[in-house]
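Inside the fold
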Amino acid sequence: MRITRTVAGRSRRVAVLATTGLTASALLLTGCSSDDSDSNESSESNGKITLTVADYGQFGYKEAGLFAKYHELHPNITVKEDTTADEKVYYPKLLQQLNSGSGLADVQGLEVGRIKELVDTKADQFADLSKVIDVKEFVSWKEKQATTADGKVIGAGTDIGPMSLCYNTELFKKAGLPTDRKEVAAKIAGGWEDYLKLGEEYKKKAPAGTYFMDSASAMFNAVVSSNAKQYYDESGKAIYKESPSVQQGWNLAAEAADKKLTQGLAQFSDPWKAALRKSTMATVACPAWMAGQISVNAGDANKGKWDITTAPGSTAANWGGSFLGVPKSGKHVDEATKLVKWLTAPEQQAAVFKAIGSFPSNTGAYELPDVKNATLPYFNDAPIGQIYADEAKSIPETILGPKDAAIKDTISTQINNMEQRGTKPDDAWDAATKAIDKVIG
């Protein structure tokens, strides 16, 4: 969704949005960081330490005032955040630091699309969090993603991306479609095929210059995300060429492009942001973190024109999510693991959800008022706490592979080529598979 979202992947960090009513004081709270001129050695000589947290996009900790709060609870500890805007820049640097054994932060953000590769190849360089966090507190599949075969946990889950559908009620109304979220859900209850049928209905009476969806590649990712088996099988073999979920997603994307149901805009690009401001796209596949992107980029002029309903089909889907890991090479491993445990506890995850909309992976947060009763004023007071929590509990456990993110990005690029350049589906698929095979070997 933590922004930095790539077209297919997850660097999906969102901007601040209102849920149950963010207070001005919460907005004013910022992370407490040390003066760069002060060395860690000097601080430690005074019995004080600085913990560094390296992440990407927007994890929401400063926005929720959590670094400041942790400093209040632990006056001897200052937390300093080092954020990289783009996860695709962040991850290669992380690998270099892991390989060299230097330059790592006390706490490192880990993207779900990379977690399998890190579990398989770099687990020995991270502290085992299995004795620090209670893995049973998280949605059943979350911590399994960061767990090695022998039970070592290299990352504590921060958030997840349960899927919904965001739609522009004003455009729906003009096209003669229902606007009530329950009625919209009924129209797409049969799955993503029904979603395209709704798109064809929209096209018949669509306001001039508008499109049913923003991006066929986004729909592709949503389709694949609703399946347990995606790009790899249980043995670790890449099966993306014959994967039923990939084939379904690709065929639907090709159909959407062919029928001109999509505006063909790469998500988070400047044209995509402009399209939101101009209200030229009627629907967006909406993992939890996407609502913040829409509200920020569509702007105040479009407040109340959007709504949220459940995603197409009966199978819940997850798109996105991150972890916090603690490198063994850090100077303050014990203190860092305690910080990670605190940041991923229910109360703190609820605070982040309230501040920026990243949905908790810790199920203990779901009964807290800031989550359970959460609504989005921008989206006609959509009951997102209820919608996302219901979906989160029924998301299937997915099989992750070491190059999931690279495969997603490559396929999405070729789907964009079908939309924007008119590339034929067979040619686009051939280009995608050739590029992927070079990456995965």
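Note on numbering: residues in each chain are counted from 1, in written sequence order. Given that the model is predicted, a residue must reach a pLDDT of at least 70 before its local features are reported, and side-chain atom pairs must reach 80 or more before they are shown or counted; all residues, however, enter totals for whole chains, interfaces and linings. Only heavy atoms go into the side-chain values, all of them from the structure, while hydrogens and water stay out.

A closer look at the packing of aromatic side chains
Aromatic pairs are defined between Phe, Tyr and Trp rings, using the six-membered ring for Trp, whenever the two ring centres lie within 6.5 Å; interplanar angles under 30 degrees are classed as stacked, those over 60 as edge-to-face, and all others as tilted. Summed over the entire model, instances satisfying the criterion amount to 19 aromatic pairs. On the numbers, 6.1 Å between centres and 45° between planes, the contact of phenylalanine 59 with tyrosine 61 is tilted. Considering the side-chain rings of phenylalanine 353 and phenylalanine 359, the 5.4 Å spacing of their centres and the 90° angle between planes classify their relative orientation as edge-to-face. Think of it in three bands: with a 1.4 Å probe and only protein chains considered, a residue is buried below 20% of the maximum accessible area for its type, exposed above 50%, and partly exposed in between. You can call phenylalanine 359 buried: its relative accessible area is 0%. Taken together, Tyr167, Phe172, Trp192, Tyr195, Tyr202 and Phe212 form an aromatic cluster joined through their ring pairs. Two conditions define a charge located above a ring, namely a distance within 6 Å from the ring centre to NZ of Lys or CZ of Arg, and an angle within 35 degrees of the ring normal. The side chain of lysine 142 reaches across the aromatic face of phenylalanine 323, ending 4.0 Å from its centre.

Remarks on the nonpolar core
Take the buried residues of types Ala, Val, Leu, Ile, Met, Phe, Trp, Tyr and Cys, join any two whose side-chain atoms come within 4.5 Å, and each joined set is a nonpolar core. With 84 residues, the main nonpolar core has Met219, Ile294, Ile308, Phe359, Phe379 and Ile411 as its most contacted residues. Whether two residues are in contact is decided by their heavy atoms: any pair within 4.5 Å suffices. Beyond its immediate chain neighbours, meaning those up to four positions away, isoleucine 411 contacts Phe220, Tyr231, Val246, Trp250, Trp429, Ala432 and Ile436. Ranked by size, the runner-up nonpolar core spans 47 residues in total, among them Tyr70, Ala105, Leu324 and Ala355.

Topic: the environment of leucine 276
Among the structural elements, leucine 276 can be located in helix α11 (residues 270–278). The class for leucine 276 is buried, based on a relative accessible area of 1%. Distance from leucine 276 to isoleucine 294, taken between C-alpha atoms, is 6.9 Å for residues 18 residues apart in sequence. Working definition: helices are DSSP H or I runs of at least four residues, strands are E runs of at least two. Numbering for both runs from the N terminus.

Thoughts on empty space enclosed by the protein
Points on a 1 Å grid, built from protein atoms alone, make a cavity when a 1.4 Å probe fits but cannot get out and make a pocket when they are open with protein on both sides within 12 Å along at least 5 of 7 lines; residues with an atom within 4 Å of a point are the lining residues. Grid points are joined across faces, edges and corners, and a volume is the space filled by probe spheres set on the points. In this structure, the largest cavity occupies an estimated 140 Å³ of space. Residue lining of the largest cavity: 15 residues in total, with Gln230, Asn318, Thr398, Leu400 and Lys408 positioned closest to the centre. Where the lining of the largest cavity is concerned, the elements lending two or more residues are α5 (112–121), β8 (318–325) and α17 (404–421). Here the lining of the largest cavity takes three residues from β8, the largest share from any one element.

Notes on the confidence of the model for the protein chain
Values of pLDDT, ranging from 0 to 100, describe the predictor's confidence in every residue of the model. For the protein chain, per-residue confidence averages 89 on the pLDDT scale, and 90% of positions sit at 70 or higher. Here residues 1–42 scores under 50 on pLDDT; set against residues more than four positions off or in separate chains, the count is 161 contacts.

Topic: the state of the cysteines
Two cysteine sulfur atoms form a disulfide, by the criterion used here, when they sit within 2.5 Å. Summed over the entire model, instances satisfying the criterion amount to one disulfide. Here cysteine 166 connects covalently by a disulfide to cysteine 286, the sulfurs 2.0 Å from one another. Around the S-S axis, the bridge from cysteine 166 to cysteine 286 shows a dihedral of about -95° and counts as left-handed. Placement of cysteine 166 in strand β4 (residues 156–168) and of cysteine 286 in strand β6 (residues 281–287) is noted, with a sequence separation of 120 residues between them. In this pair, the class of cysteine 166 matches that of cysteine 286, namely buried.

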